[in-house]
Amino acid sequence: IELPLAVKDQIGKETIKLFEDYKEFLWYDPQEYRIVLHVLHAVDGELLPKLQEKVEAMLFEVNTIQLFAHAYVIKIASRIDIKLEFQREAHFTRLVRLIADTFAGVGIPGDDNYASVALARYKIPSKQQYSHLKNKLERLETAVELAVTEVTVCKMTEFGKGARVGEALFTVPLVAKKTEM
């Protein structure tokens, strides 16, 4: 899910102090902020029309989704990741599961519990540094709202130290919700 420029700018404004305090982190370019629903490995260019057809058929009746950010969080695995996490939303969960079921066994499914945007990553810090960073993240407030009206399939290219660039291959609009009268 591509984020509108206004949302990217808002995230930048909310995290500017964090960025200044942790310049040693690998901060992703705001132009690359997006919510990942599923990662497919290399897709042959000849298969792209079939992929687009399959994605369009899969999303044919999926309604637009409204997401509300609720917290900046830190995730630990082989490194730490700083993310903006959105509130759990049933329609989003169904969308991620639909995509995972459609592409079962192919690629890596997204997290169907929470939509999130990766902002930065870094090596695992000491316990004291981790605690300090976690406290700063907990104090950050967010007012990010996102109307998801389309899903974009991107080709991601990674280079050096996790930097990445996404190229939009095609976009599929979602169905506007009908208002009840």
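Note that the structure is a prediction, hence the values are computed from the model and not measured.

Colleague: Explain the overall build of the protein to me, and be specific about the residues and the numbers.
Modeller: Along the backbone of the protein there are four helices and nine strands. Ordered by position from the N terminus, the helices and strands of the protein form the series α-β-β-α-β-β-α-β-β-α-β-β-β. Residues classed as buried in the protein amount to 38% of the 181 residues present. For the protein, the share of sequence-separated contacts (at least 6 apart) that also reach a separation of at least 24 residues comes to 77%. Total accessible area on the protein is roughly 11,100 Å²; 53% of this is exposed by carbon and sulfur atoms.

Colleague: Let's hear about the pattern of salt bridges: which residues, and what values?
Modeller: Applying the stated rule across the entire model yields six salt bridges. A salt bridge links Asp-21 to Lys-17; its shortest N-O distance comes to 3.1 Å. Here Asp-21 and its partner Lys-17 are both found in helix α1 (residues 5–21), four residues apart, which amounts to about one turn of the helix. Classification of Asp-21 as partly exposed rests on a relative accessible area of 30%. The exposure class assigned to Lys-17 is exposed, which follows from its relative accessible area of 53%. Residue Asp-81 pairs with Arg-79 through a salt bridge whose shortest N-O separation is 3.1 Å.

Colleague: Pulling in residues and values, what's your account of α1?
Modeller: Along its 17 residues, α1 runs 24 Å from first to last C-alpha, staying within 8% of the 24 Å computed at 1.5 Å per residue. Considering bend angle alone, the principal kink of α1 is centred on Thr-15 and spans about 55°. Listed as buried for α1 are Val-7, Lys-8, Ile-11, Glu-14, Thr-15 and Leu-18. On the buried face of α1, the contacting elements are β1 (26–27), β3 (65–76), β4 (80–86), β6 (116–122), α4 (127–139) and β7 (145–148).

Colleague: Tell me what's going on with the environment of Asp-81, and back it up with residues and numbers.
Modeller: Here Asp-81 shows up in strand β4. Placed 41 residues apart in sequence, Asp-81 and Tyr-122 show a C-alpha to C-alpha distance of 6.7 Å. Apart from the residues lying within four places of it in its own chain, the contact partners of Asp-81 are Tyr-28, Val-73, Ile-74, Lys-75, Ala-120 and Arg-121. At 3.1 Å, the side chain of Asp-81 and the side chain of Arg-79 are in polar contact.

Colleague: Tell me about the packing of aromatic side chains, residues and numbers included.
Modeller: Applying the stated rule across the entire model yields four aromatic pairs. With centroids separated by 5.0 Å and ring planes inclined at 45°, the aromatic side chains of Tyr-22 and Phe-25 adopt a geometry described as tilted. Judged by relative accessible area, which is 8%, Phe-25 ranks as buried. Centre to centre, the rings of Phe-25 and Tyr-122 are 4.6 Å apart; their planes meet at 15°, and the pair counts as stacked.

Colleague: Give a detailed account of the pairing of β7, specifying residues and quantitative values.
Modeller: The two faces of β7 differ: Leu-146 and Val-148 on one face are buried, but Glu-145 and Ala-147 on the other face are not. Relative to β7, β3 runs antiparallel, the two being bridged by four bridges. Bridging across to β7, Leu-67 finds its partner in Leu-146.

What counts and what doesn't
- Residues numbered from 1 in each chain as written.
- Predicted model: local features only at pLDDT ≥ 70, side-chain atom pairs only at ≥ 80, totals over all residues.
- Heavy atoms only, no water.
- Helix = DSSP H or I, 4+ residues; strand = E, 2+ residues; numbered from the N terminus.
- Buried < 20%, exposed > 50% of the residue type's maximum accessible area, 1.4 Å probe, protein only.
- Contact = heavy atoms within 4.5 Å.
- Areas by Shrake-Rupley, 256 points an atom, 1.4 Å probe, with all protein chains shown as cover.
- Salt bridge = Lys/Arg side-chain N within 4 Å of Asp/Glu carboxyl O.
- Expected span 1.5 Å × (residues − 1).
- Bend = angle between axes of the 7 residues up to and from the residue.
- Polar contact = N/O pair within 3.5 Å; in protein donor to acceptor, adjacent residues only side chain to side chain.
- Phe/Tyr/Trp six-rings, centres within 6.5 Å; stacked < 30°, edge-to-face > 60°.
- Pairing = 2+ DSSP bridges.

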